[in-house]
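Each chain, letter by letter, is given below.
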Amino acid sequence: MKSTTTFAVEIQQDAVDAADKPDGGVPRPSRVRHLAILTAAFCALVLYAHYAIQGSMASALFKPPVTVSSLLPSLASITIDQDSGRAEQPVMLAEEHAPLTPQASVVEANRSTAVPTPSGHCDGRYIYMYDMPPRFNDDLIRDCGKGRLHPWLDMCPYVANDGMGQPLAHDGGVFPGRGWYSTDQFMLDLIFHARMKRYECLTKDPSLAAAVFVPFYAGLESGRYLYNYSISTRDALQLDAIDWLVRRPEWRAMGGRDHFLVAGRTTWDFRREADVDEQWGTKLLTYPAVQNMTAFVLETSPLTRSNFAVPYPTYFHPEAAADVLAWQERVQKVGRRWLFSFAGAPRPGSKKTVRAEIIRQCRASSLCNLLHCGGVVGGGAADCNSPAGVMRVFEASDFCLEPRGDTATRRSTFDAILAGCIPVFFHPGSAYTQYTLHFPRDHGRYSVLIPHAGVAAGNVSIEETLRKIPPEVVRRMREEVIGLIPRVVYADPRSRRVAFRDAFDVALEAVIDRVAKRRRGEAAGL
């Protein structure tokens, strides 16, 4: 029996012979020739595909399996539901019959994003990003010297490396591995924009976009003029940005309801109530056009639904999931010699904080480590400004006290979580009503709430309250905190190897979902 290839060649040769027979001395091309050539090519393609697939299947069959247990040690048994933010019971792996650790959950929960499917991967996830005039972003960080972005600091070292700042040395082993930077807490505008520039689903077609990003450095811009400047100076560039936006055709599609921006300061820096020079801040978040948008801030107002609070930037900006896993393993094993600690300064005359009583109780306890930030270098301020000094205190403590300061929230909360230290809050507004996208709904699984009033009155002992928590509960809470680390850090914006959901991803998913709901509401006439 003739093979398919031999049969195709014979048909082709017969067709060539027939086509070349003389007809009046002139050879004529034949339709049969064309048909034969196409048939031969098709048969060859079929044979090639057949053997190629066979080879690939054989390779796959003999490739040794890779399991989570072969990559990571088993350290704990609690994982976080990355989609809802809820704490969940251990998830069993079919292959290993073992619970996912907080570390393994980073790999498992993000396995689908590590190897994206080429078809439809960006459907429903496209972002259109404006190319705004540089006066709204790049020009601001070029003019970063002393007195420009900050009244008395040179901010150029902090805007370096896409807002991460200068790399941190190991500093006695406090910062092992890579990904550690001296990051200023108000650099989120720059970090978020740099990350968005490398977002895998950017589109130049706004009609495809699930949301529209406005790369205006509102936080950095407002920070220039918060002290001793007229309201006309404070508001000028922000009004210019709004005027630029509302003239765009992309804006008119939904009146800005599909737009979002990042203003990397607390909401109170953008909510001036009156047009008088003596009042603090700008009015950015009170303008009707901006209220149509979604704004990410470091602390939001309970009076608005247009803003989401996102984590303060920390010192850690991992390049890959492996960096996160290595750090989680470290803080899981570190020895903790203090029951609780506090790093901060008092707020004399403030009735909104219990810091003075916290400092008093900490000094009176042999189980508390106090890093007193008194504003004088000799009094400890140097350590408070040192990333290594703060992290040493938090790493050595079971609980970290996080009272409010000038506002309800503080960066220290996220430094504590990064160190595997269980945060202790004194008011729900310091975390629970703020970071609803990034923290589990069951607050008792990762934190402690000691009511403000009892501590302020001197009727509640912080030490006694924390000592009553059983060691096993403390262990489980610490595992929960360590499991939160990926969701509250911002990955290195320059990396192409981010295969885990960080704080940027969580925020972006939230705004995409919000815009989708708005579109469905408009379609339904709501």
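Identification of the chain as Exostosin GT47 domain-containing protein from Hordeum vulgare subsp. vulgare is taken from an unreviewed UniProt entry. Under Sequence similarities (unreviewed entry), UniProt gives the following word-for-word description of the chain: "Belongs to the glycosyltransferase 47 family." If you open the UniProt record of the chain and go to Subcellular location (unreviewed entry), you find "Golgi apparatus membrane".

### Section: the overall build of the chain
Counting secondary structure elements, the chain contains 21 helices and 12 strands. For the chain, the proportion of contacts with a sequence separation of at least 24, taken over those separated by at least 6, is 72%. Accessible surface for the chain amounts to roughly 25,200 Å². Of this, 56% is attributable to carbon and sulfur atoms.

### Examining the state of the cysteines
Considering all chains together, one arrives at 4 disulfides under this definition. At a sulfur-sulfur separation of 2.0 Å, the disulfide partner of cysteine 122 is cysteine 201. Between cysteine 122 and cysteine 201 the disulfide shows an S-S torsion of about -75°. By sign, it is left-handed. Of the two residues, cysteine 122 sits in the loop between helix H5 (111–114) and strand E3 (127–129) while cysteine 201 sits in the loop between helix H8 (188–197) and strand E4 (211–213), which places them 79 residues apart along the sequence. A disulfide bridge connects cysteine 400 with cysteine 421, and the sulfur atoms are separated by 2.1 Å. Of note, the bridge from cysteine 400 to cysteine 421 carries an S-S torsion of about 110° and is right-handed in sense. Placement of cysteine 400 in strand E10 (residues 397–402) and of cysteine 421 in the loop between helix H17 (412–418) and strand E11 (422–425) is noted, with a sequence separation of 21 residues between them.

### Brief notes about the confidence of the model for the chain
For the chain, the average pLDDT comes to 81, and 75% of its residues sit at 70 or higher. In this model, residues 45–118 is a region of pLDDT below 50 whose contacts with residues beyond four sequence positions or in other chains number 105 contacts.

### Points about unusual backbone geometry
Apart from glycine, the bulk of residues carry a negative phi angle, and the bulk of peptide bonds sit in the trans form. One non-glycine residue with positive phi stands out, namely aspartate 162, at about 60°. Its place among the elements puts aspartate 162 in the loop between helix H7 (156–159) and H8. Taking the relative accessible area as the measure of exposure, aspartate 162 reaches 23% and is therefore partly exposed. Look at aspartate 171: it is not a glycine, yet its phi comes out positive at around 50°.

Calculation criteria
Residues numbered from 1 in each chain as written. Predicted model: local features only at pLDDT ≥ 70, side-chain atom pairs only at ≥ 80, totals over all residues. Heavy atoms only, no water. UniProt positions renumbered as here; feature names shortened; annotations may be inferred. Helix = DSSP H or I, 4+ residues; strand = E, 2+ residues; numbered from the N terminus. Contact = heavy atoms within 4.5 Å. Areas by Shrake-Rupley, 256 points an atom, 1.4 Å probe, with all protein chains shown as cover. Disulfide = S-S within 2.5 Å. pLDDT = per-residue confidence, 0-100. Buried < 20%, exposed > 50% of the residue type's maximum accessible area, 1.4 Å probe, protein only.

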